Amino acid sequence: MNDAVYPAISPALAKVRGQALTELPAGLYIPPDALAVYLSAFEGPLDLLLYLIRRHHLDVLDIPMAELTRQYMEYVAVMLRQKLELAAEYMLMAVWLMEIKSRMLLPPTPEVEEAEEDSDPRADLVRRLLEYEQIRQAAQTLDGLPRCGRDYAVACAIQETEKKLLPRLCVEDLLNAWEVMQARIPVRQPHIPARKTLSVRAAMEQILRSLQGDFFIEFDSLMMPEHGLPHRVVKFLALLELAREQKLEIMQNQPFSPIYLRLSDRNANAF
Amino acid sequence: MPSDHAGDLQADSLKPEELKMILETVLFASPVPVSLNTLRAVFGEELSTELLRRSLSELAEDWRDRGLELVMVAEGWRFQTRTRYQPYVQRLSLENPPKYSRAVMETLTVIAYKQPVTRGDIEEIRGVGVSTQIIRTLEQRGWIQGSGHRNVPGRPALYVTTLQFLNDLNLRSIDELPPLAESGNPVLPNPVNAELL
Amino acid sequence: MPSDHAGDLQADSLKPEELKMILETVLFASPVPVSLNTLRAVFGEELSTELLRRSLSELAEDWRDRGLELVMVAEGWRFQTRTRYQPYVQRLSLENPPKYSRAVMETLTVIAYKQPVTRGDIEEIRGVGVSTQIIRTLEQRGWIQGSGHRNVPGRPALYVTTLQFLNDLNLRSIDELPPLAESGNPVLPNPVNAELL
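Just so it is clear, the model here is predicted, and its values are computed rather than measured.

K.L.:
Pulling in residues and values, what's your account of the overall build of chain B?
P.N.:
Counting its secondary structure elements, chain B contains 8 helices and 4 strands. Ordered by position from N to C terminus, the α and β elements of chain B give α-α-α-β-β-α-α-α-α-β-β-α. Per-residue burial over chain B gives 49% buried out of 197 residues. Within chain B, contacts between residues separated by at least 24 positions form 47% of all contacts whose residues are at least 6 apart in sequence. Here chain B has roughly 9400 Å² of accessible surface; of this, 50% comes from carbon and sulfur atoms.

K.L.:
Would you mind going over the overall build of chain A in detail, with residue names and values included?
P.N.:
Along its length, chain A carries 10 helices and 5 strands. For chain A, contacts bridging at least 24 residues in sequence account for 59% of all contacts bridging at least 6. If you sum the accessible surface of chain A, you get close to 15800 Å²; carbon and sulfur atoms cover 57% of it.

K.L.:
Quick rundown of the pairing of strand 5 (residues 259–263) of chain A? Include the residues and the values.
P.N.:
Residues and elements named next belong to chain A. With 2 bridges connecting them, strand 3 (residues 217–218) and strand 5 associate as antiparallel partners. Its bridge partner being in strand 5, Ile 217 is matched across the sheet by Leu 261. Sheet topology note: the strand 4 (residues 248–252)/strand 5 ladder contains 5 bridges and is antiparallel. Among the inter-strand pairings, Met 251 is bridged to a residue of strand 5, identified as Tyr 260.

K.L.:
Tell me about the pattern of salt bridges, residues and numbers included.
P.N.:
In a structure, side chains of opposite charge can pair up when their charged atoms sit close to one another. Counted under the stated rule, the structure contains 47 salt bridges over all chains. A salt bridge links Glu 205 of chain A to Arg 209 of chain A; the shortest N-O distance between them is 3.9 Å. With Glu 205 of chain A and Arg 209 of chain A both in helix 8 (residues 200–211) and 4 residues apart, this pair spans about one turn of that helix. For Glu 106 of chain B, the salt bridge is made with Arg 126 of chain B, and the minimal N-O distance between the two is 2.9 Å. Note that Glu 106 of chain B is positioned in helix 5 (residues 102–114) and Arg 126 of chain B in helix 6 (residues 119–126), a separation of 20 residues in sequence. You can call Glu 106 of chain B buried: its relative accessible area is 1%. The class of Arg 126 of chain B is buried, set by a relative accessible area of 1%.

K.L.:
Tell me about the interface of chain B and chain A, and name the residues and values.
P.N.:
Interfaces are often sized by the amount of accessible area the parts lose when they come together. Opposite the 58 residues of chain B that make contact, chain A presents 54 residues. Between the two partners, chain B and chain A, sit 5 salt bridges. Put simply, Glu 124 of chain B and Arg 128 of chain A hold a salt bridge, and the shortest N to O gap is 3.8 Å. At the surface where chain B touches chain A, the tally comes to 19 residue pairs in polar contact (both at pLDDT 80 or more). Elements represented by at least two residues in the side of chain B that touches chain A include exactly helix 1 (16–29), strand 2 (76–81), helix 4 (86–90), helix 5, helix 6, strand 3 (144–149) and helix 8 (163–168) of chain B. It is helix 5 of chain B that contributes the most residues to the side of chain B that touches chain A, 9 residues altogether. Class assignment of the residues belonging to the side of chain B that touches chain A gives a composition of 28 nonpolar, 19 polar and 11 charged.

K.L.:
Could you give me a rundown of the side chain of Thr 118 of chain C, with the residues and numbers involved?
P.N.:
Residue and element names in this part refer to chain C. The residue Thr 118 is located in the loop between helix 5 (102–114) and helix 6 (119–126) in this model. A distance of 3.2 Å separates a polar side-chain atom of Thr 118 from the backbone nitrogen of Gly 120. Not counting chain neighbours up to four residues away, the residues in contact with Thr 118 comprise Arg 150, Pro 156, Ala 157 and Leu 158.

K.L.:
An account of the nonpolar core is requested, with residue identities and associated values reported.
P.N.:
Residues Phe 28, Phe 43 and Phe 79 of chain B together with Phe 28, Phe 43 and Phe 79 of chain C are the most contacted members of the largest nonpolar core, which totals 51 residues. Val 130, Ile 134, Leu 138 and Ile 174 of chain C belong to the second-largest nonpolar core, a separate cluster that totals 33 residues.

K.L.:
Help me get a handle on the confidence of the model for chain B, residues and values and all.
P.N.:
Residue and element names in this part refer to chain B. Overall, the predicted model of chain B reaches an average pLDDT of 85, with 86% of residues at or above 70. Element-level pLDDT for chain B is lowest in strand 3, with a mean of 89, against a maximum mean of 96 in helix 5. In the predicted structure, residues 1–9 sits below a pLDDT of 50 and forms 19 contacts with residues beyond four places in sequence or in another chain. For the stretch residues 186–197, pLDDT sits under 50, and the model shows 20 contacts to residues farther than four places along the chain or on other chains. The ipTM value of the predicted complex is 0.70, and its pTM value is 0.65.

K.L.:
Requested: an account of the sheet that holds strand 5 of chain A, with residues and values cited.
P.N.:
Residue and element names in this part refer to chain A. Taken in spatial order, the 3 strands line up as 3-5-4 in an open sheet, and their pairing is antiparallel. Every other strand in the sheet has two partners, leaving strand 3 and strand 4 as the edge strands with one partner each. In the packing of helix 8 onto the sheet, contacts are made with strand 3, strand 4 and strand 5, and the angle to strand 5 comes to roughly 90°.

K.L.:
Report on the interface of chain A and chain C, specifying residues and quantitative values.
P.N.:
Taken together, the 33 residues of chain A in the interface contact 43 residues of chain C. Across the chain A to chain C interface the summed buried area is about 3400 Å²; carbon plus sulfur atoms make up 64%. At the junction of chain A and chain C, the tally comes to 0 salt bridges. Applying the counting criterion to the chain A and chain C interface returns 1 residue pair in polar contact (both at pLDDT 80 or more). Contributing elements (two or more residues each) for the side of chain A that touches chain C: helix 7 (171–184) and helix 8 of chain A. Residue contributions to the side of chain A that touches chain C peak at 10 residues, all from helix 7 of chain A. Partitioned by chemical class, the residues of the side of chain A that touches chain C number 20 nonpolar, 4 polar and 9 charged.

K.L.:
Pulling in residues and values, what's your account of unusual backbone geometry?
P.N.:
The phi torsion of most residues other than glycine is negative, and most of the peptide bonds are trans. With an omega of -5°, the peptide bond running from Gln 115 of chain B to Pro 116 of chain B counts as cis. Phi at Gln 246 of chain A takes a positive value of approximately 55°, unusual for a residue other than glycine. Mapping Gln 246 of chain A onto the fold places it in the loop between helix 10 (229–244) and strand 4. Even without being glycine, Asn 170 of chain B reaches a positive phi, approximately 60°. Tracing the backbone shows Asn 170 of chain B in the segment after helix 8.

Procedures and definitions
- Residues numbered from 1 in each chain as written.
- Chains lettered and ligands numbered in written order.
- Predicted model: local features only at pLDDT ≥ 70, side-chain atom pairs only at ≥ 80, totals over all residues.
- Heavy atoms only, no water.
- Helix = DSSP H or I, 4+ residues; strand = E, 2+ residues; numbered from the N terminus.
- Buried < 20%, exposed > 50% of the residue type's maximum accessible area, 1.4 Å probe, protein only.
- Contact = heavy atoms within 4.5 Å.
- Areas by Shrake-Rupley, 256 points an atom, 1.4 Å probe, with all protein chains shown as cover.
- Pairing = 2+ DSSP bridges.
- Salt bridge = Lys/Arg side-chain N within 4 Å of Asp/Glu carboxyl O.
- Polar contact = N/O pair within 3.5 Å; in protein donor to acceptor, adjacent residues only side chain to side chain.
- Nonpolar A, V, L, I, M, F, W, Y, C, P; charged D, E, K, R; others polar.
- Core = buried A, V, L, I, M, F, W, Y, C linked by side-chain atoms within 4.5 Å.
- pLDDT = per-residue confidence, 0-100.
- Axes fitted to C-alpha atoms, helices over the stretch in contact; angles between N-to-C directions.
- Buried area = accessible area lost by both parts, 1.4 Å probe.

In structure tokens form, the structure reads like this:
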């Protein structure tokens with residue numbers, strides 16, 4: 001009933017062994033070289049799962065986890081090969097599916113049996129699938145409502161005396177705007193315990209200093225993980241800034257080999 | 001026939017036909033929907049809301065078989081074209097109206113039905129990241145806006161839909177959105193094939 | 001009576017009454033005057049200019065005793081309000097003076113009190129993105145202007161308010177803005193001070 005939600009795949013895009021594919025396959029088997037094309041039609045792992053469940057007539061309230069996980073992993077495998085930038089969310093879902101599957105394999109402990117059906121490891125997955133399904137349907141309905149600009153236009157006539165009225169301004173307007181902004185922030189930043197200001201300038205000086213006297217320094221040695229991510233980000237910005245100002249040279253012999261830094265010639269004796 | 005001096009068009013002495021004509025003129029002249037209160041102010045508040053309402057519905061009736069219709073949206077009353085004339089209206093402009101992707105429409109739907117929501121809330125429901133581009137598309141269309149922050153670490157921005165969103169979809173309030181489908185078993189197994197598995 | 005499918009409304013088989021109704025609809029739908037050429041394009045160029053002209057003058061005649069009139073101006077045909085209804089229309093503008101959006105007013109306020117500020121500074125305080133459109137609106141109104149760049153990576157543009165902003169507010173200097181309160185602490189307008197950069 002809901003198949004229309006899946007956008008039609010352009011025949012030009014989906015050509016498998018010389019045959020144009022215009023719709024998603026109904027059977028279990030999907031030619032591997034066509035998978036990537038189908039994947040672009042999905043809005044994410046939940047969308048893909050709903051599709052698998054519907055196409056294979058699985059009961060969303062009693063999902064056979066082994067079967068669903070197996071089919072899902074087929075898609076993920078293709079994705080890993082061809083659409084790497086999409087894989088993170090899909091991988092997260094894969095891990096979740098596996099976890100649910102493995103928890104279902106464990107014999108139920110007495111405590112779990114007492115805790116009624118709420119303890120079904122699939123409950124959260126089902127909840128999310130149903131919630132997403134609801135939104136997906138509503139989005140389609142919303143898209144179908146008459147929309148200004150697409151389905152109708154607002155009527156207007158021109159005022160005969162065309163005085164271009166510009167908005168006027170008074171001090172109260174500014175006060176009101178400020179109050180609204182303040183109201184949006186009930187208590188200003190109450191839970192940022194100790195916010196340290198990291199200065200890119202300071203980081204730049206620090207880098208210049210550590211490069212002093214040394215011909216080369218390894219990039220990794222500047223990025224001290226124990227100082228945390230913000231430090232590394234600031235260090236990195238400082239490096240970019242120094243490179244832009246041509247104060248240092250950055251070298252790498254080949255991809256993935258160590259990156260070396262040194263002061264550029266005209267700055268070698270700056271300190 | 002209206003006289004040549006507007007001063008003579010006293011609201012208390014207006015004939016029903018004159019009243020409707022002024023209403024029509026004012027509604028067409030306004031760039032935004034006109035609320036009942038504003039309409040009353042236009043007539044110097046000498047008209048009862050009751051009389052105004054009646055005149056408006058008579059005026060709407062007068063336009064029943066025409067290419068435009070008088071409708072009430074979130075911000076008030078306005079004239080708009082009937083959808084069946086859209087093919088003609090569309091040819092006025094060279095640009096096609098924007099079509100929104102599923103990602104954009106689903107994001108809008110989550111905001112409309114669950115507002116106020118953070119980007120994280122939307123991502124949780126959709127199961128994928130929500131790009132800044134999607135949010136910006138909806139903000140630039142004037143359909144959503146920021147509305148403060150949720151008081152949790154990171155203070156994520158909260159999004160709500162705007163009055164313009166309601167106006168543009170011909171809705172008077174957010175309650176008029178089509179109800180969400182019953183969430184219980186929308187994904188039913190097909191009884192014929194269920195045993196095959 | 002128009003049929004339910006616009007596709008059925010073939011220009012060559014249109015009755016005079018239908019033709020006029022479509023013309024009326026299209027003219028009201030356009031925010032700018034519509035030229036004869038555009039009108040012909042609307043009907044798929046199957047109408048003679050002669051027939052169009054005649055329909056337009058008949059339509060103008062239909063509106064003779066109403067509050068709006070169909071007129072031809074330099075760029076084409078348009079509906080406009082008649083002078084004698086101006087008092088009513090004017091009250092509409094008084095009632096609904098054009099207003100800048102909340103986003104524009106908040107941006108202006110931040111610039112006025114915290115100048116010179118970058119877009120990032122404004123976003124930090126407002127908690128939401130500041131679109132280029134907002135900045136442009138304020139620049140075009142002559143209330144803000146760019147004033148160099150902050151000397152940090154990216155060299156973001158700095159914005160300050162203008163003399164015209166002060167004039168429009170009847171102020172002699174930015175110090176005359178009333179102080180604001182920020183979680184108990186007063187926020188005083190910051191006189192432009194480039195050395196602080």
